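The lines below spell out each chain.
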Amino acid sequence: MRKTFKAMLLTLILTFALPLSVCADDNYKSYPIGEVDIDVYLPEELVVFTRAVTDSNENLKLIDSTASKLISDMKSGNLYIYAVDKELSYDLTLKVTKSKSSTDLIDRDEEEINKLIKNKTESYKETKNLLFTSADVVSHEDVKFINFKYSLLNEFDATKTVYVSSYYTIYKGQEVNFQLQTYSKEASLDKEPIFANAMQKTRFVEVEGNTSSDGIVFGALEMLISCVIVIAFVGLILLLVRRSAKKKTDNYI
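Residues numbered from 1 in each chain as written. Predicted model: local features only at pLDDT ≥ 70, side-chain atom pairs only at ≥ 80, totals over all residues. Heavy atoms only, no water.

1. Structural notes on the nonpolar core
- Among the nonpolar cores identified, the biggest contains 25 residues, and Ile38, Leu42, Ile81, Leu92, Leu94, Phe178 and Phe204 are the most heavily contacted of them.
- Mapped onto this core, the elements with two or more residues apiece are β1 (28–33), β2 (38–43), β4 (79–84), β5 (90–98), β7 (143–153), β8 (161–171), β9 (174–182) and α4 (185–201).
- Considering each element in turn, this core owes the most residues, four residues, to β5.
- If sequence neighbours within four positions are ignored, Phe178 has contacts with Ile38, Val40, Thr93, Leu94, Phe145, Ser165, Ser166, Tyr167, Phe195, Met199, Thr202 and Phe204.
- Judged by nonpolar contacts, the second largest core, of 14 residues, contains Leu116, Tyr124, Phe148 and Tyr168. (Core = buried A, V, L, I, M, F, W, Y, C linked by side-chain atoms within 4.5 Å. Buried < 20%, exposed > 50% of the residue type's maximum accessible area, 1.4 Å probe, protein only. Helix = DSSP H or I, 4+ residues; strand = E, 2+ residues; numbered from the N terminus. Contact = heavy atoms within 4.5 Å.)

2. Quick notes on helix α2 (residues 67–76)
- Along α2, the residues that are buried comprise Ala67, Leu70, Ile71 and Met74. Angular distribution of buried residues about the axis of α2 spans 100 degrees; they occupy a single face of the element. Residues of α2 that are exposed and angled more than 90 degrees away from the buried face: Ser68 and Ser76.
- In the core, the buried residues of α2 are packed alongside β3 (47–50) and β4.
- In the segment just after α2, Asn78 is the residue with positive phi, at about 60 degrees. (Arc of directions from axis to C-beta.)

3. Remarks on the packing of aromatic side chains
- Evaluation of the coordinates by the stated rule reveals ten aromatic pairs.
- Each ring, one from Tyr124 and one from Phe132, has its centre 6.2 Å from the other, and the planes form 20 degrees; the classification is stacked.
- Residues Tyr124 and Tyr150 carry aromatic rings whose centres are separated by 4.7 Å and whose planes lie at 35 degrees to one another, so their mutual orientation is tilted. Remark: Tyr150 occurs in strand β7 and Tyr124 occurs in helix α3 (residues 110–125); sequence separation between them is 26 residues.
- Across the ring face of Tyr80, the terminal group of Arg51 is positioned such that the distance to the ring centre comes to 3.9 Å. (Phe/Tyr/Trp six-rings, centres within 6.5 Å; stacked < 30°, edge-to-face > 60°. Lys NZ or Arg CZ within 6 Å of the ring centre and 35° of its normal.)

4. So, the pairing of β5
- The sheet contact formed by β4 and β5 spans five bridges and is antiparallel. Across the sheet, residue Val84 finds its bridge partner in β5, namely Asp91.
- Pairing of β5 with β9 involves nine bridges; the strand directions are antiparallel. Its bridge partner lying in β9, Lys95 is registered against Asn177. (Pairing = 2+ DSSP bridges.)

5. Overview of the layout of surface pockets
- Size it by volume and the largest pocket reaches roughly 1000 Å³.
- Lining of the largest pocket is provided by 33 residues; of these, Tyr82, Asp91, Glu155, Gln181 and Tyr183 occupy positions nearest its centre.
- For the lining of the largest pocket, the elements supplying multiple residues, two or more each, are α2, β4, β5, β7, β8 and β9.
- A breakdown of the residues in the lining of the largest pocket according to their chemical character gives 17 nonpolar, nine polar and seven charged. (1 Å grid on protein atoms, 1.4 Å probe; cavity = no way out; pocket = protein on both sides within 12 Å on 5 of 7 lines; lining within 4 Å. Points joined across faces, edges and corners; volume = space filled by probe spheres on them. Nonpolar A, V, L, I, M, F, W, Y, C, P; charged D, E, K, R; others polar.)

6. What about the sheet that holds β8?
- Taken in spatial order, the seven strands line up as β3-β4-β5-β9-β8-β7-β6 in an open sheet, and their pairing is antiparallel. The sheet is open, and its two edges are formed by β3 and β6 (130–140), each paired on a single side. Put simply, the sheet's adjacent strands are angled 15 degrees from each other on average, direction ignored.
- Here β8 runs beside β9; their pairing, made up of nine bridges, is antiparallel. Directly across from Ser165, in β9, lies its bridge partner Leu180.
- Packed on one face of the sheet, α3 meets β6, β7 and β8 and runs near 15 degrees to β7. (Axes fitted to C-alpha atoms, helices over the stretch in contact; angles between N-to-C directions.)

7. Details of the environment of Tyr41
- With respect to the secondary-structure elements, Tyr41 resides in strand β2.
- Through-space distance from the C-alpha of Tyr41 to that of Lys201 is 5.9 Å; in sequence the pair is 160 residues apart.

8. Looking at the pattern of salt bridges
- Within the structure shown, the criterion is met by three salt bridges.
- With a shortest N-O distance of 3.7 Å, Lys191 and Glu45 are connected by a salt bridge. Linking Lys191 in helix α4 with Glu45 in the loop between β2 and β3, this pair joins segments that are 146 residues apart in sequence.
- Exposure remark for Lys191: the relative accessible area of 14% places this residue in the buried category. (Salt bridge = Lys/Arg side-chain N within 4 Å of Asp/Glu carboxyl O.)

Structure representation (structure tokens):
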């Protein structure tokens, strides 16, 4: 009887291992942006704003802004996500614009990509007080990015330096730019792996849901409900198995 119970328990664990792992997802939260069909994954430690923000969001005090001002700034800068940590030591943004080219970056050959890198690198070098560092091609599933890294003087305080890591791609007629900004060399080295991990999790998919006015994700809520149902179902089956085993034991007595 014990062997049968253990076998059933192992089967249940293997059956539901994948859904339960999706529930946990390593402390990253999903932010599906329906306007551009990108499901962005960001660390839970971040305070995330989208264009759906409202004045009821208390986190606006952190960045000293109002909903209308922030939405206006995001639209003028073509931003769909603006995220900061509570110490304001770094921020992440998602910028999306219409591409002049219809060819995705992943469909371009090495020569075309190198030409694109060269053009962007030259434009960076022409920017005053900007120090270009590197450009590397990175692939995540069916999307190819160019990871540009550079530093520049803070526009509000010329004695301080801003460190930037930018993941750039062209996908389905859109120029997409994920950008990490940190305000010290140490923070740059510390946050870069977190940013790279977020990029690996982010998906370019058709988004059915979107963010609510308070930044709570409908897609994430549905996932949470699914996880609760799965856990409840597993618990119910285990309870029935135990009761069945107990009845058989009582019949032998």
